[in-house]
Amino acid sequence: MSFSKDFLWGAATAAYQIEGAYNEDGRGLSIWDVYSGFKGNTRYNETGNVAIDHYHRVDDDIAIMKELGLKAYRFSVSWPRVIPEGTGKVNEKGLKFYSDLVDKLIAAGIEPIVTLYHWDFPYALHRKGAWKNDDSSEWFLEYTKVIVDALSDRVTYWATINEPQCVLGCGYLGGFHAPFEKAQTDDILIMGKNILLSHGKAANYIRNNAKKKPMIGFTPIGPSFIPKDDSKEAIEEARTRTFGTAGERFCFSLSYWSDPIFLGKYPDELYKDFGDRVPEFTKEEWALVTEPLDYYGMNIYYSQGLHPEDGGYPENRYQGSPENHLGWPVAPEVVYWSSKFLYERYGKPIMITENGMAEHDWVCLDGKVHDSYRIDYTHRYLLQFKRAAEDGIPLAGYLHWSLFDNYEWAEGYTQRFGMVYVDYTTLERTIKDSGYWYRDVIESNGENL
Ligand code: FCB
């Protein structure tokens, strides 16, 4: 078996990374607006104030998606564009932007996939303690209702929270993403609880109120391991490491987030490490957290532990090993193994909701962008996804990260992930070779891989 007929071939973006127009049409501020430009927070103190100006160029951008033959497009809604203060008054102009976007995508024959939260937390609610505040899941529910009530007559696919690992791990443990804080473990445990509950309340609301029958998922990331050989022991070791909770770094792990949602419990390891410091859910809350989902959104870029015994080289690096411009290892097999491990543990069809690579592309003398390495990277990763399909793992789609070059968070504009090149001075777009290559893959439903 290969990719199914209804497999969703698409690409993904996130609001703050592409929209710009940060202070237009009544938009409120997010933590990224406020903190990204502060000296030392991001690589060159760059912000998403303009980003790739998608807010104003949305029609041209959809024309590009059409040219590439995308079947699906995953975008996120900026919470403060729709509710400037996070709760309370709705900004109709902001909401209309997304409603129009959905209409335009559908008119272009592209399935919209809506992510409710991709890191641009409203600044006004950040001032009230953000996820540490026990009201935060109610704030999130209020926001979800606005979006679902407005879009669910046309939107089928939903993703609740993008990479909660990064929300806490990068934002509050490492402190290298907004709000650039370093929180105590007990606070991270409380924030984690509130994020899980926010996810649950949102999923539950969508399930019971969406006008079109919804397909709901969430989109975590996490450390993924490739077995060092084909032996049973090595496979077991990779599985154990993939689902380990990693001590104080638990918020970066997969199981800390996915076990509660899909299995209705925190991993045992978490109790071993933190005992009764783990904040418990009530029975009613568990019922929300475990709202059944339709797909597992796998954001996947690289693996760890390809050579765990390789003393001198941490993770899966070895002398001269391939890596992208960010230093992330190129490790295609991770797609096969993670699909397998995640499906076996959680039993949901897998949708790759993000995968791609950063390079420092440029426009060549002939006016084109020759990103052969991105083609090769994507080709290799997709072959491993195909292998998963051939193994009988149900797959729902593949969304390349990213459609456009864009604002790469702490890295500012230094990392280009797009299949479409963006000149940040003129904002001109150029489809890269990989974009045309991907168009052929989509056209053949992956048969040409
Ligand atoms: C993921 C994020 C996405 C982008 C890619 C490169 O962790 O979800 O916004 O930054 O990494």
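Each remark here, short or long, concerns the structure printed above.
Residues numbered from 1 in each chain as written. Predicted model: local features only at pLDDT ≥ 70, side-chain atom pairs only at ≥ 80, totals over all residues. Heavy atoms only, no water.

Draft legend 1. Structural view of the environment of Arg374. Relative to the assigned elements, Arg374 resides in helix H15 (residues 372-390). Arg374 sits in the buried class, given a relative accessible area of 0%. Sequence-wise, Arg374 and Asn324 are 50 residues apart; in three dimensions their C-alpha atoms are separated by 9.3 Å. Every residue in contact with Arg374, bar those within four places of it in the chain, is listed here: Met357, Ala358, Glu359, Asp361, His400, Arg416, Phe417, Gly418, Met419, Lys432 and Ser434. A polar atom in the side chain of Arg374 sits 2.8 Å from the side chain of Asp371. (Helix = DSSP H or I, 4+ residues; strand = E, 2+ residues; numbered from the N terminus. Buried < 20%, exposed > 50% of the residue type's maximum accessible area, 1.4 Å probe, protein only. Contact = heavy atoms within 4.5 Å. Polar contact = N/O pair within 3.5 Å; in protein donor to acceptor, adjacent residues only side chain to side chain.)

Draft legend 2. Here's a closer look at the sheet that holds strand S2 (residues 72-76). Reading around the circumference, S1-S2-S3-S4-S5-S6-S7-S8 is the order of the eight strands in this closed barrel, with parallel pairing throughout. Neighbour-to-neighbour, the strand axes of this sheet turn through a mean angle of 25°, independent of strand direction. Where strand S5 (residues 215-219) lies against strand S6 (residues 295-299), two bridges are found, and the strand directions are parallel. Its bridge partner lying in S6, Phe218 is registered against Tyr296. In this fold helix H14 (residues 333-346) packs onto S6 and strand S7 (350-354), with an angle of close to 150° to the strand it touches most, S6. (Pairing = 2+ DSSP bridges. Axes fitted to C-alpha atoms, helices over the stretch in contact; angles between N-to-C directions.)

Draft legend 3. Quick look at the site of the ligand. Close to the ligand lie Gln17, His118, Trp119, Asn162, Glu163, Tyr301, Glu354, Trp401, Glu408, Trp409 and Phe417. Measuring from an oxygen atom of the ligand, one finds a side-chain N or O atom of Asn162 at 2.9 Å. Burial of the ligand by the protein amounts to 96% of the accessible area it has alone, namely 290 Å². Taking a 2 Å distance to the grid points as the criterion, the majority of the atoms of the ligand fall inside the largest pocket. Partitioning the shell around the ligand into residue classes produces five nonpolar, three polar and three charged. (Near = heavy atom within 4 Å. Areas by Shrake-Rupley, 256 points an atom, 1.4 Å probe, with all protein chains shown as cover. 1 Å grid on protein atoms, 1.4 Å probe; cavity = no way out; pocket = protein on both sides within 12 Å on 5 of 7 lines; lining within 4 Å. Sits in = over half its atoms within 2 Å of the grid points. Nonpolar A, V, L, I, M, F, W, Y, C, P; charged D, E, K, R; others polar.)

Draft legend 4. Molecular detail of empty space enclosed by the protein. Applying the stated criterion to the full structure yields five cavities of 30 Å³ or more. Empty space within the largest cavity amounts to approximately 70 Å³. Residue lining of the largest cavity: Ile31, Trp32, Tyr117, Trp119, Phe121, Trp131, Cys166, Val167, Tyr172, His177, Ala178 and Pro179, and that is the complete set. For the lining of the largest cavity, the elements supplying multiple residues, two or more each, are helix H2 (31-35) and helix H8 (164-173). Looking at the lining of the largest cavity residue by residue, the classes come out as 11 nonpolar, one polar and no charged. (Points joined across faces, edges and corners; volume = space filled by probe spheres on them.)

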